[in-house]
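# Close look at the chain arrangement
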Amino acid sequence: KVCDVLVQTIQPDVHLQPLVVAFVNGLKASPRIAANCCWGLQNLAEGMGAYSEFTMSSYYEGVIQALLGLTESANNEANYRTAAYECLATWVANSSAETRPQIESLLHIILQRMEHLISVHVSVSTGLSECVP
């Protein structure tokens, strides 16, 4: 809630690094905690740009890798995988020019995943149409 409602009270030089570390470590916890950590990271990315001159760029690579790891799960209990994708979208939307290499890499991974899903869908659709008389 602090990252949502009171983000202006976060002092980047004091609180930001331990806060990001705690959220990233929480992504490895139970699905409900992981989803809440995604929400916290999402609010942090949105709020820090609005209330601080401090850049989040030094955290992008680690946070993106941790969130991508969460999205690779086979289930979506407590919507944590969905929350991870939403968090990634927020970090992309709030990125700065200095995070461009990380964002380009992330977008490449997301496009590969989408292409795979489309090919699976086409394969399933083709297989179903061959089974139906």
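The structure this text deals with has already been given above.
Right, let's walk through the structure included here. Worth saying up front: this structure is predicted, and the values here are computed from it rather than measured.

## Comments concerning the packing of helix α4 (residues 60–71) against helix α5 (residues 80–93)
- For the pair α4 and α5, the least separation of the axes is 8 Å and the interaxial angle reads 150°. With respect to their mutual orientation, α4 and α5 come out roughly antiparallel. As α4 runs across α5, the sense of the crossing is left-handed. The segment α4 lies against α5, with Tyr60, Val63, Ile64, Leu67, Leu68, Leu70 and Thr71 engaging Tyr80, Arg81, Ala84, Tyr85, Cys87, Leu88 and Trp91.

## So, a nonpolar patch on the surface
- Taken together, the side chains of Val2, Val5 and Leu6 define a hydrophobic patch exposed on the protein surface, amounting to about 240 Å² of accessible area.
- Within the secondary structure layout, Leu6 lies in the loop between α1 (2–5) and α2 (12–26).
- By relative accessible area, which is 40% here, Leu6 ends up partly exposed.

## Some thoughts on α5
- Helix length check: α5 (14 residues) gives 20 Å between terminal C-alpha atoms against 20 Å at 1.5 Å per residue, within 8%.
- Every buried residue of α5 is listed here: Tyr80, Ala83, Ala84, Cys87, Leu88, Thr90 and Trp91. Considered in projection along α5, the buried side chains sweep an arc of 160° and stay on one side of the axis.

## A look at the side chain of Thr71
- Looking at the element boundaries, Thr71 is found in helix α4.
- Here Arg113 takes part through its side chain, which lies 2.5 Å from a polar atom of the side chain of Thr71.

## Points about the pattern of salt bridges
- Enumeration over the complete set of coordinates arrives at 2 salt bridges.
- One salt bridge connects Arg113 with Glu72, and the closest N-O pair in it is separated by 3.2 Å. Taken as a pair, Arg113 in helix α6 (residues 100–131) and Glu72 in the loop between α4 and α5 lie far apart in primary sequence, 41 residues in all.
- According to the relative accessible area criterion, Arg113 is partly exposed, its value standing at 21%.
- Across the pair Arg100 and Glu104 runs a salt bridge, and its minimum N-O distance is 2.7 Å. Residue Arg100 and its partner Glu104 are both found in helix α6; the two are separated by 4 residues, about one turn of the helix.
- Since its relative accessible area comes to 44%, Glu104 is described here as partly exposed.

Definitions and limits used
Residues numbered from 1 in each chain as written. Predicted model: local features only at pLDDT ≥ 70, side-chain atom pairs only at ≥ 80, totals over all residues. Heavy atoms only, no water. Axes fitted to C-alpha atoms, helices over the stretch in contact; angles between N-to-C directions. Helix = DSSP H or I, 4+ residues; strand = E, 2+ residues; numbered from the N terminus. Parallel < 35°, antiparallel > 145°, perpendicular 65-115°, else oblique. Left-handed = near helix turned anticlockwise from the far one by under 90°. Contact = heavy atoms within 4.5 Å. Patch = residues over 30% accessible without salt bridge, like charges linked within 9 Å, V, L, I, M, F, W, Y side chains within 5 Å. Areas by Shrake-Rupley, 256 points an atom, 1.4 Å probe, with all protein chains shown as cover. Salt bridge = Lys/Arg side-chain N within 4 Å of Asp/Glu carboxyl O. Buried < 20%, exposed > 50% of the residue type's maximum accessible area, 1.4 Å probe, protein only. Expected span 1.5 Å × (residues − 1). Arc of directions from axis to C-beta. Polar contact = N/O pair within 3.5 Å; in protein donor to acceptor, adjacent residues only side chain to side chain.

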